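What follows is each chain in one-letter form.
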Amino acid sequence: MSSFLPRPRLLVLSLGGTITMTTAPDGGIAPTLGAAELVAAVPGLAEVADIEARSPMKVGSASLTLENIAAVAGEIRAGFAAGIDGAVVIQGTDTIEETAFALDLLVPGERPVVVVGAMRGPQQPGADGPANLLAAALVAASDAARGLGTLVVLNDEIHAARFVRKAHTALTSAFVSDMAGPLGLVAEGRVRLFTRVTRPALAFDPGAAPLPPVALLKIAMGDDGRLLRAVPDLGYAGLVIEGAGAGHVPGALAPLVGEVAARLPVVLASRTLAGPVFARTYGYPGSEIDLLARGVLSAGLLTGVKARLMLTLALAAGADRAALAQALAAYE
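None of the values given here were measured: they were computed from a predicted structure.

**Q** Whenever I open this one, the pairing of strand E8 (residues 157–160) confuses me. Can you help?
**A** Consecutive side chains of a regular strand alternate in pointing toward one face of the sheet and then the other. Pairing analysis gives four bridges linking strand E7 (residues 150–154) to E8, with the strands arranged antiparallel. Residue pairing across strands places Val152 opposite His159, the latter belonging to E8. Strand direction decides the pairing type here: E8 and strand E11 (residues 184–187), joined by two bridges, are antiparallel. Looking at E11, one finds that Ile158 is bridged to Gly184.

**Q** Help me understand the layout of surface pockets in this model?
**A** Roughly 270 Å³ of internal volume is contained in the largest pocket. Every residue lining the largest pocket is counted, 18 residues in all, and those nearest its centre are Leu64, Thr65, Leu66, Arg308 and Leu309. Every element with two or more residues in the lining of the largest pocket is listed here: helix H2 (66–81), helix H3 (96–106) and helix H8 (304–316). Across the lining of the largest pocket, the residue classes tally to 10 nonpolar, five polar and three charged.

**Q** How should the packing of aromatic side chains be read in this particular structure?
**A** Geometry of an aromatic ring pair is reported as the spacing of the ring centres plus the angle between the planes. Counted under the stated rule, the structure contains three aromatic pairs. Each ring, one from Phe101 and one from Tyr331, has its centre 5.6 Å from the other, and the planes form 70 degrees; the classification is edge-to-face. With Phe101 in helix H3 and Tyr331 in the segment after helix H9 (321–329), this pair connects stretches of sequence that are 230 residues apart. The residues Phe101 and Tyr331 share a single accessibility class, namely buried.

**Q** Just checking my understanding: could you explain the sheet that holds strand E6 (residues 113–116) for this structure?
**A** Sheet strands line up and pair through hydrogen bonds in the backbone, either parallel or antiparallel. Strand order in this open sheet of eight strands is E4-E1-E5-E6-E7-E8-E11-E12, and the pairing throughout is mixed. Since the sheet does not close on itself, it has two edges, and those belong to strand E4 (50–54) and strand E12 (190–193), each with one partner. The mean angle between the axes of side-by-side strands here comes to 25 degrees, regardless of whether they run parallel or antiparallel. Bridge count for strand E5 (residues 86–90) against E6 is four bridges, and the pairing is parallel. The residue bridging Val88 from the neighbouring strand is Val114, located in E6.

**Q** Quick question: what am I supposed to make of the pattern of salt bridges here?
**A** Here the idea is simple: oppositely charged side chains can pair when their charged atoms come close. The full count for this structure, using the stated rule, is 11 salt bridges. Salt-bridge contacts for Asp178 lead to Arg165; the nearest nitrogen and oxygen are separated by 2.4 Å. With Asp178 in the loop between strand E10 (175–177) and E11 and Arg165 in strand E9 (residues 164–166), this residue pair connects regions lying 13 residues apart in the sequence. The salt bridge partner of Asp290 is Arg294, with a shortest N-O separation of 3.0 Å. Via salt bridges that share partners, Glu52, Arg54 and Glu75 belong to a single interconnected network.

So, how was this worked out
Residues numbered from 1 in each chain as written. Predicted model: local features only at pLDDT ≥ 70, side-chain atom pairs only at ≥ 80, totals over all residues. Heavy atoms only, no water. Pairing = 2+ DSSP bridges. Helix = DSSP H or I, 4+ residues; strand = E, 2+ residues; numbered from the N terminus. 1 Å grid on protein atoms, 1.4 Å probe; cavity = no way out; pocket = protein on both sides within 12 Å on 5 of 7 lines; lining within 4 Å. Points joined across faces, edges and corners; volume = space filled by probe spheres on them. Nonpolar A, V, L, I, M, F, W, Y, C, P; charged D, E, K, R; others polar. Phe/Tyr/Trp six-rings, centres within 6.5 Å; stacked < 30°, edge-to-face > 60°. Buried < 20%, exposed > 50% of the residue type's maximum accessible area, 1.4 Å probe, protein only. Axes fitted to C-alpha atoms, helices over the stretch in contact; angles between N-to-C directions. Salt bridge = Lys/Arg side-chain N within 4 Å of Asp/Glu carboxyl O.

Here it is, written out as structure tokens:
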């Protein structure tokens, strides 16, 4: 009997993005390559695992929808049920942090899900796509990555979905995790994890229910509130506000925030993108103490875009205010 362990089985799903883009006839680059072509072009990738490659979409990631990602999550769950050991999702970097966090909520269990992309197209000098894809496959096939939820791997760094964000428009080192830093890295073909995160015991399954629209509104100096006032009457089911600093809005807007919160769920995040929303420090009109007392829920450590995803999926799953508060509390 052979003493060799069976090779891991990976599902690789490509949605498009810069990593798939080649020169378009009218100039610029556009998504053209599929998952099988990307996999075949990476030296050494075939030695990592047995790979099943599919291309559900070929779009720029700004065109992806949460419905698209819910469908991807369904493919991954089905693959895991059929014995797949890990999954890699390839897409554009613009919305990787959103896809990763949504998949973290939609795909429960221990098996790794890794989202990957590239900052440079395959025809550009120094294209980073092949190295990123190889590193992502190594992580997805690694036992060390089990139990960490969805991860993002770029520039040889391994990031947790809840912390990662794109912080630069051009550099290959564009992705950062402000609160915790990367969990580890890939070097010499080896996955090296230096720290682990405890994954919140949350999983949402919206099923066939339509996903409710949730607005995201950043508050700026001197905001007069006209957009805020319009949100409930535009058909939104919820609202995420990105307040200044630790979660603040102009004092004149505070009563209006309370009025909106009485009509639909309102979650307060910080536009600074790093650090928690405060709960008990500032007490002036428009401060976090004032807004929370008016019925607003705290996003904790979640950025506005991630709080919006959480609120959307939670509402689709039928969560009431108490359930929403409990889900968000997992990220404080």
